[in-house]
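# Structure assessment
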There are 2 protein chains.
Amino acid sequence: MMESRAVLSYVLSLDLDRPSLENNTADVERVQQVIKKELGIKNIQINFDLAKRIPYILAGSPDKIKAVVFRNQNTWIVVDIVKPDTNQVFLGIAADIGTTKIAVRVVDLESKKILIEKGFDNPQIEVGPDVLTRIHYAKEKRGLERLSSLLIQGFNVNIAMLCKKIDCKPEDIYLFSGSGNTSMTHLFLGIEPSGIIREPYIPTINIPDTLKSDKLGLKLNPSAVCFLFPNIGSYFGGDLIAGILYSSLNKLKDPSIMVDVGTNAEVVVGCKDWLVACAGAAGPALEGGVSDIGMTAAPGVIDKVCINNDTNHIEFTTIDDRAPVGVCGSGMIDLAAALFLSLKIDIRGKFIKKNCGDKLFEKDGIDYFILVEKKDSGTKENICISQVDLNSLTSSKAAMYTILEVIVCNTAGLNFDDLAKFYVAGTFGSFINPESAISIGMLPDIKRDKFEVLGNSSLGGATQLLVDTAAFDEVDKIRQSITYIELNVNAEFMNMFSGAKFYPHTDKSRFPSVNHLEE
Amino acid sequence: MMESRAVLSYVLSLDLDRPSLENNTADVERVQQVIKKELGIKNIQINFDLAKRIPYILAGSPDKIKAVVFRNQNTWIVVDIVKPDTNQVFLGIAADIGTTKIAVRVVDLESKKILIEKGFDNPQIEVGPDVLTRIHYAKEKRGLERLSSLLIQGFNVNIAMLCKKIDCKPEDIYLFSGSGNTSMTHLFLGIEPSGIIREPYIPTINIPDTLKSDKLGLKLNPSAVCFLFPNIGSYFGGDLIAGILYSSLNKLKDPSIMVDVGTNAEVVVGCKDWLVACAGAAGPALEGGVSDIGMTAAPGVIDKVCINNDTNHIEFTTIDDRAPVGVCGSGMIDLAAALFLSLKIDIRGKFIKKNCGDKLFEKDGIDYFILVEKKDSGTKENICISQVDLNSLTSSKAAMYTILEVIVCNTAGLNFDDLAKFYVAGTFGSFINPESAISIGMLPDIKRDKFEVLGNSSLGGATQLLVDTAAFDEVDKIRQSITYIELNVNAEFMNMFSGAKFYPHTDKSRFPSVNHLEE
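Model, not experiment: these values are computed from the prediction.

Calculation criteria
- Along every chain, residues carry numbers that run from 1 in the direction the sequence is written.
- Starting at A for chains and at 1 for ligands, labels are handed out in the order in which the entities are written.
- Residue-level local features of this predicted model are given only where pLDDT is at least 70; pairs of side-chain atoms are given and counted only at 80 or more, and the full residue set underlies all totals for whole chains, interfaces and linings.
- Side-chain numbers come from the whole structure's heavy atoms, not from hydrogens or water.
- Here a Phe, Tyr or Trp ring, Trp counted by its six-membered ring, pairs with any other such ring whose centre lies within 6.5 Å, and the pair is stacked when the planes are under 30 degrees apart, edge-to-face when over 60, and tilted otherwise.
- In this description a helix means any DSSP run of H or I spanning at least four residues, a strand means any run of E spanning at least two, and both kinds are numbered starting from the N terminus.
- In this scheme, a residue with accessible area under 20% of its type's maximum is buried, one over 50% is exposed, and one in between is partly exposed, where area comes from a 1.4 Å probe on protein chains only.
- Being paired, for any two strands, means DSSP has found at least two bridges between them.
- For helices, the axis comes from a line fit to the C-alpha atoms of the stretch in contact; other axes are also lines fit to C-alpha atoms, and the angle between any two N-to-C directions lies between 0 and 180 degrees.
- Note: the arc covers the axis-to-C-beta directions of the helix.
- Least-squares superposition aligns the copies on the C-alpha atoms of those residues with pLDDT at or above 70 in both.
- A contact between two residues is defined here by any heavy atoms of the two lying within 4.5 Å.
- By nonpolar core we mean a set of buried residues, namely Ala, Val, Leu, Ile, Met, Phe, Trp, Tyr and Cys, connected to one another through side-chain atoms within 4.5 Å.
- Patch definition: residues with relative accessible area over 30% and no salt bridge; like charges joined within 9 Å; nonpolar side chains (Val, Leu, Ile, Met, Phe, Trp, Tyr) joined within 5 Å.
- All accessible areas in this document rest on Shrake-Rupley with a 1.4 Å probe, and a residue is counted as covered only by the protein chains that are shown.
- Any Lys or Arg side-chain nitrogen located within 4 Å of an Asp or Glu carboxyl oxygen qualifies as a salt bridge.
- Accessible-area loss on putting two parts together, using a 1.4 Å probe and summing over both, is the definition of buried area adopted here.
- Side-chain atoms alone can form a polar contact between residues adjacent in sequence; in general such a contact is a pair of N or O atoms within 3.5 Å, and within protein one must be able to donate a hydrogen while the other accepts it.
- Residue classes follow a fixed rule: Ala, Val, Leu, Ile, Met, Phe, Trp, Tyr, Cys and Pro count as nonpolar, while Asp, Glu, Lys and Arg count as charged, and any other residue, Gly among them, counts as polar.

### Section: the packing of aromatic side chains
Residues and elements named next belong to chain A. In the structure shown here, the tally under the stated rule is 38 aromatic pairs over all chains. Centre to centre, the rings of Phe 90 and Tyr 174 are 5.3 Å apart; their planes meet at 40°, and the pair counts as tilted. Of the two residues, Phe 90 sits in the loop between strand 4 (75-82) and strand 5 (91-97) while Tyr 174 sits in strand 8 (residues 173-180), which places them 84 residues apart along the sequence. Judged by its relative accessible area of 2%, Phe 90 is buried. Residue classification places Tyr 174 among the buried positions, given a relative accessible area of 1%. Ring centres 5.7 Å apart and planes at 45° place the aromatic pair Tyr 401 and Phe 511 in the tilted group. With Tyr 401 in helix 9 (residues 387-411) and Phe 511 in the segment after helix 13 (491-500), this pair connects stretches of sequence that are 110 residues apart.

Okay, here's the thing in C-alpha cells:
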C-alpha cells in the first residue's frame with residue numbers, strides 16, 4: 001500500500017537544500033521534500049503546531065536538521081524537527097498497559113538500547129480490580145475521565161521517575177508505543193468502553209490513530225506522539241498483536257503457536273501465510289483469587305513444586321525464599337502434577353485417600369490436602385489445597401487443552417506435533433513448567449525444546465515498534481491476516497472438554513511421555 | 001492519485017449496518033466503512049475528538065446517520081457525525097481574505113445556496129494598511145499573534161452577525177474555505193511571514209493542511225474545519241488559485257487569460273493543458289492613495305468618465321450619485337482615455353495646452369487639469385488631475401500591457417487575438433471599462449465580447465470549494481500545472497515597457513480599433 005524506503009531509525013539526519021531565488025520552495029514544503037526523499041514516499045504529514053515552529057527552527061538557514069518521524073495508518077508523520085548540533089537525546093516509551101500491572105520501558109530511539117524499565121500497579125485498581133467493574137464505572141462520563149486520568153497520571157509519575165534515574169527529561173521523549181487489551185486501550189484513550197461487555201460486544205474503536213500525546217495528558221515532549229496497538233475485537237486486544245509481532249509468528253515458515261495464559265487464554269496459531277486466533281476463559285484457578293490458597297505472585301508464594309524422588313515427599317520453593325503463604329498458578333500446576341504422578345490424585349483429579357495418608361483431612365464434607373504444616377507456614381496456619389481448588393484447576397486445564405485442540409486441530413487442521421514452536425507469553429506463562437503442564441494434560445505432549453518462554457511479549461512488541469521502522473507495516477499485516485475464531489461452547493466443544501478433564505486425558509495415547517504409574 | 005466516487009455534497013446521508021454478533025466491527029470503523037464505501041475510497045481520517053464522541057452518537061443504534069466530510073491533501077476527513085432526525089442545517093463559510101477588504105459568505109452545504117454575504121475592512125489595517133508594515137510588525141511573536149487575532153476576531157464578529165440575520169448559529173457552520181494572498185494566508189494562520197518579503201522570498205508554507213478551525217480561534221461548530229487555498233509562492237497566493245478555479249480557465253479548450261488588476265497585477269494564461277502565471281507591480285495609480293485625487297471606491301468617488309460627443313465635454317458619474325470628491329482607478333482609466341481621445345493629452349500622455357483651454361493651470365511647474373470645479377465639488381475644492389498623476393497612470397498602464405505582452409506573447413507564444421476569453425477579476429477590475437483601457441493601451445485591442453468580468457473571483461473560488469466536491473482535486477491540479485514566471489526587469493522588458501508608455505503604443509498597428517484623431 002505504501003512504498004517506502006527502508007530507514008533504520010525514526011530519527012533522521014537530513015541535509016537541507018538552501019533556499020535561493022532558483023529554489024523558492026516554501027520552508028514547510030522544503031522540509032517535507034527532504035523527508036519524503038529520505039523515506040521514499042509521496043506524502044507526509046506535518047502537524048500545524050510544528051509547521052508554525054518551522055521558520056524559527058530554520059532561522060539562520062541550517063544545512064542539516066534532524067527529524068523525528070513516525071507512522072500513522074497510511075502515512076508518515078513528522079513529529080519534530082531540531083537543529084542537529086544540540087546534545088539532545090531522542091527517547092521513546094514502550095508500555096504494556098495491563099489490567100493489573102503496567103510495564104514501562106525507556107528506549108533510546110537512535111542507539112535502540114533499552115535504557116531502563118519498571119513495573120507498577122495499574123492505578124485504576126483503586127476503582128476496581130477487574131475490567132468489568134471499571135467499565136461499569138466508566139458509564140458515567142466523569143467515571144471514564146477519572147479512569148483515564150488515573151492511568152495517564154500513573155504513566156506521568158512513573159515516566160518522570162525513570163527519566164530522573166537516567167538523567168533525562170520527559171521532554172526528551174518523542175514517541176510512546178503502548179499495547180493493552182481492548183478495554184485498557186479504550187480506558188487509556190478515554191474512549192467509552194461499554195460496548196465491549198454488552199452483546200454484541202462491539203468496541204468503540206479497533207484502530208486508533210497515532211495521536212499527539214498531549215491530547216491524552218501525557219507529559220512528554222510537547223510534540224510527542226502516541227501509538228496504541230490496534231485491537232481485533234473486544235476479546236482480542238493490542239497486547240496480543242504486540243505479542244505476535246514480538247514472537248515473529250507471522251514470519252515463520254512452519255506453523256507455530258503462541259499462548260498467553262491468564263484468566264483468559266489467548267491463543268494464536270499460524271505462520272507467514274496465515275494466522276488463526278481465539279480467546280477463551282481458561283478458568284480462574286490459574287490466576288488465583290478464587291481458591292483459598294490461590295494467590296498472584298508475591299513474596300512467600302509457592303511458585304515451584306516437585307516430588308522428591310527419594311522421599312516421595314512434595315517439596316517447593318517460594319518467591320524470595322520467604323516462609324510460604326499460598327500458592328500461585330504455576331505452583332498449582334506443579335502441585336497437581338506432583339500429586340498426580342505420585343498417585344495422590346486419580347485420573348479424574350480426585351484425592352486418593354489411601355495414598356495421601358495423614359496429609360488429607362475432611363471438613364464439612366470437603367477433602368483438604370495439607371501442603372505446608374502450620375509450623376512451617378508464614379501464615380501460622382496449615383496451607384491446604386482442597387478438592388474444590390483441584391476441581392477448579394481441573395476445569396481450567398481442561399479448558400486450556402480444549403481451546404488448544406479446537407484451534408490447532410479442528411480449526412487449523414494440524415496435529416500438535418506439527419507445531420514448530422510453542423511460545424508461552426505473559427508474565428504468568430513464564431513461570432509455568434511445561435513438564436508439569438503436560439503431566440496434567442494442560443499443554444500437549446510435544447517435544448520439550450519446542451517450548452519457548454517469551455516473557456512480557458506485549459512489552460516486547462511495543463518496544464519493537466520503536467526500534468524497527470518496518471514494524472508498523474507488520475502490525476497492519478498481522479491485523480489483516482488474523483482470522484479470529486469465536487469459541488462457541490457447543491456440543492462438540494463440551495465433548496472435547498469432558499475428555500480433557502481427565503489427567504492427563506481420557507485418550508492416554510495423546511500423552512505418551514507422561515510416566516504415570518497405574519494404581 | 002485518489003480514486004473517489006463522485007458525491008454531490010459534503011453532507012452525506014448514510015445507512016448504517018447494525019452491529020451484531022456476526023458483524024462486530026468496532027463503532028468507529030463501522031462509520032469509517034460506510035463513508036469509505038459512499039465515497040469509493042480506501043482511507044478516511046476521523047479526528048480523535050470525534051472518535052471519542054461516536055459511541056454517544058451511535059447510542060440507540062440508529063439506522064441512519066449524516067456525516068459531514070471534507071478533504072485534506074490526500075485523504076478525506078470526517079468532520080462530524082450527527083443523527084439525521086434533527087432539524088440541523090449544515091453551513092459553510094467562504095471568505096476572500098483581502099489585505100484591505102474581506103468578503104464573507106454563508107453557504108448552505110446541502111442546498112448549495114448562498115444565504116447571505118457581507119464585506120468588512122481587514123481589522124489588521126489598525127496595525128498598518130499594507131502587507132509590508134504588517135509583516136514587519138509580525139517579526140515580534142506578540143505582533144504576529146495580534147495580527148492573527150485581529151483577523152480571526154474580525155471573522156468571528158462578522159460571522160456571528162451574518163448568522164443572526166439568517167436565524168442560524170455559528171455552531172451550524174462546519175466548513176470554512178478561505179482564500180487570500182500569501183501574506184494574508186500566513187497571517188490568518190498565525191504563521192511567521194517574514195521570508196515572503198526578504199530575499200530569496202520564501203514563504204513559510206504554501207500548502208496548509210485542512211485544520212480544525214478551533215485551533216485558529218474561529219468560533220464555528222467545535223468540529224468545523226478550515227481550508228485555505230494553497231499559494232504558489234510569495235507573490236502568487238491562494239486568492240489567485242481560487243480565481244482560476246472560479247474562472248474554469250484550467251478546463252477551457254482554447255487558451256484564455258485571467259487578469260486580477262490591483263497594486264499588483266496577477267495574470268494567468270492557459271487552458272486545460274497548461275497554465276502560465278506571473279505577478280508584477282502594475283503601479284499604484286490604479287488603486288489610488290498615491291496621486292492627490294486617486295481614491296479607492298467610496299461614495300462620491302468618480303468611477304466612470306466619458307466624453308459627451310456633442311459638447312466634447314468630459315462627463316462623469318460618482319458612486320451613490322454623491323457630489324464628487326475624487327477619482328478611483330477605473331475613473332482614472334476612463335479619464336485618461338477621454339483626455340487622449342479628445343486630444344487633450346498626447347501620445348506620451350502629456351497635456352496638450354492648446355486643447356485644454358482654461359481647464360489647465362500650472363502651479364510650481366506642474367500642469368493641473370480641472371476635472372470638477374469648486375462649485376460642483378463635494379470637497380468645495382477643485383478636483384484636479386496633475387501631470388504627475390497622469391505620469392503615474394502611464395507607468396501603470398505600460399506595466400500592465402508589458403506584463404500581458406511578456407506572458408501572452410513572449411512566454412506562451414500566442415498573439416493576443418488567440419485568446420478565447422479575457423477574464424477580468426477582482427473588485428477593482430469589475431469597474432474597468434475595457435473600451436477605455438484599450439484606448440490608452442493598457443489592455444490589448446481584442447474583440448470586446450471576449451472580455452468578461454468575474455467580480456470577486458477569489459470569493460467565487462472559495463465558494464465553489466464548498467459546493468463542488470471535485471473542486472479540491474481541481475485546486476491540486478491547478479497548483480501542479482501552473483508554471484510561475486518571475487518577471488525579471490531585464491533589457492528586453494524595459495524595451496517593451498518603453499513602447500507601452502505611449503498612448504496607446506508606439507506600435508499603433510496593435511490598436512487598430514482605437515479611433516485616435518491625429519493632432
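Additional details are given in the paragraphs that follow.
### So, the sheet that holds strand 3 (residues 64-72) of chain A
All names here are of chain A. Ordered by their spatial adjacency, four strands build an open sheet running 1-3-4-2, and the pairing between neighbours is mixed. Looking at which strands have only one partner, the edges of the open sheet turn out to be strand 1 (11-15) and strand 2 (44-46). Sheet twist, expressed as the mean angle between neighbouring strand axes with direction ignored, is 40°. Relative to strand 4, strand 3 runs antiparallel, the two sharing seven bridges.

### Describing helix 12 (residues 471-481) of chain A
Residues and elements named next belong to chain A. Of the positions making up helix 12, those classed as buried are Ala 471, Phe 472, Glu 474, Val 475, Ile 478 and Arg 479. Taken down its axis, helix 12 places every buried residue within 160° of arc, on the same side. Turned more than 90 degrees away from the buried face of helix 12, the exposed residues are Lys 477 and Gln 480.

### Section: the relation of the copies chain A and chain B
With an RMSD of 0.2 Å, chain A superimposes on chain B once it is rotated by 180° and translated 0.0 Å along the axis. Such a combination of turn and shift is consistent with a two-fold rotation axis. A share of 100% of interface residues in chain A that are also interface residues in chain B marks the association as one of identical surfaces.

### Concerning the nonpolar core
Core analysis: the largest hydrophobic core is formed by 103 residues, its most contacted members being A:Ile35, A:Leu175, B:Phe155, B:Phe176 and B:Phe188. Per-element tally for this core: the top contributor is helix 4 (residues 141-165) of chain B, with nine residues. Excluding its chain neighbours within four sequence positions, the residues that come into contact with B:Phe155 are B:Ala95, B:Ile97, B:Ile102, B:Val104, B:Phe120, B:Phe176, B:Phe188 and B:Leu218. The next biggest cluster of nonpolar side chains, apart from the first, holds 100 residues, and it includes A:Ile116, A:Leu150, A:Leu151 and B:Val268.

### Looking at the pairing of strand 19 (residues 383-386) of chain B
Residue and element names in this part refer to chain B. Burial of the side chains of strand 19 extends over both faces: Ile 383 and Ile 385 are buried on one face and Cys 384 and Ser 386 on the other. Relative to strand 19, strand 18 (residues 366-372) is paired through four bridges, and the arrangement is antiparallel. If you follow Ile 370 over to strand 19, its bridge partner there is Cys 384.

### Quick word on a nonpolar patch on the surface
Together, A:Leu21, B:Tyr201 and B:Tyr235 make up an exposed nonpolar region whose accessible area comes to about 270 Å². By the element assignment, A:Leu21 lies in the loop between strand 1 and helix 1 (27-39).

### Quick word on the sheet that holds strand 10 (residues 225-228) of chain B
Residue and element names in this part refer to chain B. Pairing in this open sheet of six strands is mixed, and the strands run 7-6-5-8-10-9 from one edge to the other. Either end of the sheet is taken by a strand with one partner, and the two such strands are strand 7 (114-121) and strand 9 (211-212). Strand direction decides the pairing type here: strand 8 (residues 173-180) and strand 10, joined by four bridges, are parallel. Its bridge partner lying in strand 10, Leu 175 is registered against Val 225. Along the sheet, helix 11 (residues 457-467) makes contact with strand 5 (91-97), strand 6 (101-108), strand 7, strand 8 and strand 10, crossing strand 5 at roughly 155°.

### Quick word on unusual backbone geometry
Residues and elements named next belong to chain A. Pro 200 follows Glu 199 through a cis peptide bond whose omega is 5°. Even without a glycine there, the phi angle at Ser 61 is positive, about 45°. Relative to the helices and strands, Ser 61 is located in the loop between helix 2 (48-57) and strand 3. Overall, the relative accessible area of 28% leaves Ser 61 in the partly exposed class.

### What about the interface of chain A and chain B?
The partner chain B presents 40 residues to the 40 residues of chain A that form the contact. The largest contributions to the chain A side of the interface with chain B come from A:Phe48, A:Ile202 and A:Thr204, which together make up 17% of the buried area. B:Asp49 is the partner of A:Lys215 in a salt bridge, and the nearest nitrogen-oxygen pair spans 2.8 Å. Applying the counting criterion to the chain A and chain B interface returns 14 residue pairs in polar contact (both at pLDDT 80 or more). Elements that contribute at least two residues to the side of chain A that touches chain B include exactly helix 1, strand 2, helix 2 and helix 4 (141-165) of chain A. The element best represented in the side of chain A that touches chain B is helix 2 of chain A, accounting for six residues. Classifying every residue of the side of chain A that touches chain B by side-chain character gives 20 nonpolar, 10 polar and 10 charged.

### Here we look at the pattern of salt bridges
Throughout the structure, instances matching the rule amount to 53 salt bridges over all chains. Across the pair A:Glu435 and A:Arg448 runs a salt bridge whose closest N-O atoms are separated by 2.9 Å. In this pair, A:Glu435 sits in helix 10 (residues 434-439) while A:Arg448 sits in the loop between helix 10 and strand 21 (451-455), placing the two residues 13 residues apart along the sequence. By relative accessible area, which is 35% here, A:Glu435 ends up partly exposed. Look at A:Arg448 and you get partly exposed, because its relative accessible area is 29%. Counted as one network, the salt bridges with shared partners bring together A:Asp49, A:Lys212, A:Asp214 and B:Lys215.

### Describing the pairing of strand 15 (residues 314-318) of chain B
In the case of a regular strand, side chains alternate between the two sheet surfaces. Residue and element names in this part refer to chain B. Relative to strand 15, strand 14 (residues 301-307) is paired through five bridges, and the arrangement is antiparallel. Counterpart to Val 305 in the pairing with strand 15 is Phe 316. Remark: six residues form the turn of the hairpin made by strand 14 and strand 15, two consecutive strands paired antiparallel; Asn 312 in that turn has positive phi of roughly 65°.

### Notes on the side chain of A:Ser179
All names here are of chain A. Relative to the assigned elements, Ser 179 resides in strand 8. Looking at Ser 179, its side chain comes within polar contact range of the side chain of Ser 458, at 2.6 Å. Aside from chain neighbours lying at most four places away, what touches Ser 179 is Ala 95, Asp 96, Ile 97, Phe 229, Gly 238, Asp 239, Ala 242, Ser 458, Leu 459 and Ala 462.

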